[in-house]
Amino acid sequence: MKKLLVLLIFTTLFIQCKKEESKPIEQGLVTNKAMVVSAREEASKIGTAILKQGGNAFDAMVATELALAVSYPVAGNLGGGGFMVYRKNDGTIGGLDYREKAPLSSHKNMYLDDEGNIIENKSLLGATAVGVPGTIAGVFAVHKKFGSLPIEVILQPVIDLAKRGVIVTKKQAARIKHYQPNFLKANKEPIPFDKEWKENDSIKYPALAATLTRIQKNGRDEFYKGETAKKLAAFMQKNGGYITEEDLAKYEAKWRTPVTFMYDGLKIISMSPPSSGGICLAQILKAVEPFDLDTYGHNSAKAIQVITEAERRAYADRSNFDKQRIYIKKNE
């Protein structure tokens, strides 16, 4: 029963089921060969289609991530970055760090005024808050090492999705409305999210489709050294940001060795620094492992207290050591 804790920490979806002897408990979708799970149906379908064309799991990852850049930009886009942890069927494990990096001109006081006070929103809103993007470098690094289908084939359905448009969900409509004041502050020119969008509307992204088409034609360097790089750097400079063409040209994704540890007889594989996730997870699980959570009861006050106290201490350590992580990332 204690092994169930791992699932509860990793997932953000909790389903309450009324216990009925006449009905089996729902376990979700089970497939015999492969499946793709993401935050948007459109992205999952594109990833699945890549698998059906003969692509491998890494091809599907590239397609799904880029499709999410179109359909779910709140959680990832061409201007962002990420981490990847993998385990192959032969047991080989690895990780890829393609998170955003600090521009070369950044320094520890860049968000402070002359008196050492924080300048409100400078690190949160607009061009001054943006790091050097890693998404394109990351997906191309994955494809170069593990891909099987041509990158042009993988990108095509993503480009088609951007041209065709994405259906606005109820939650997305509310989210766009909530953040619209910030969009207007951060951008001098209109963007698609400036309009009033309602549930079941369709948002098309012709400019994004054009960018993806250039990347499809010219490869990774289009984003970091080509026309797209020049446009991005010029926009940043025009809007007071720090990113330059040199920053983009020097960006490289880095392969990392994942953090591994044992919890209740299970081998856990998670992301290593500069991500704090793997270390935090290890600290939390190692702290709760001595407690008999299964006897306390699921979601009982005692179980929640143990987990909360472990998380509180892990995240206190994370905050304390996070500054060092940021400087290491910049100077690599």
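See the structure above.
All values derive from a computational prediction rather than experimental measurement.

### Points about the overall build of the protein
Within the protein, the secondary structure is distributed over 13 helices and 7 strands. Relative to its 332 residues, the protein shows a buried fraction of 39%. A separation of at least 24 residues holds for 67% of the contacts in the protein among residues at least 6 apart in sequence. Carbon and sulfur atoms form 54% of the exposed surface of the protein, whose accessible area is close to 20200 Å².

### Details of the pairing of strand β2 (residues 93-98)
β2 sits mainly inside the fold: 5 of its 6 residues count as buried. Bridge count between strand β1 (residues 82-87) and β2: 6 bridges; the pairing is antiparallel. Across the sheet, the residue bridging to G82 is Y98, located in β2. The pairing of β2 with strand β5 (residues 254-256) spans 3 bridges and is antiparallel. Within β5, the residue paired with L96 across the bridge is W255.

### A look at the nonpolar core
Within the largest apolar cluster, 56 residues are counted, with the highest numbers of intra-cluster contacts made by V70 and L78. Ranked by residue count, the leading element in this core is helix α3 (residues 57-71), at 9 residues. Setting aside residues no more than four positions away along its own chain, L78 makes contact with L66, A69, P133, T135, I136, L208, T211, L212, I215 and F223. By size, the runner-up hydrophobic cluster in this structure holds 14 residues, among which are I268, A282, V288 and A303.

Calculation criteria
Residues numbered from 1 in each chain as written. Predicted model: local features only at pLDDT ≥ 70, side-chain atom pairs only at ≥ 80, totals over all residues. Heavy atoms only, no water. Helix = DSSP H or I, 4+ residues; strand = E, 2+ residues; numbered from the N terminus. Buried < 20%, exposed > 50% of the residue type's maximum accessible area, 1.4 Å probe, protein only. Contact = heavy atoms within 4.5 Å. Areas by Shrake-Rupley, 256 points an atom, 1.4 Å probe, with all protein chains shown as cover. Pairing = 2+ DSSP bridges. Core = buried A, V, L, I, M, F, W, Y, C linked by side-chain atoms within 4.5 Å.

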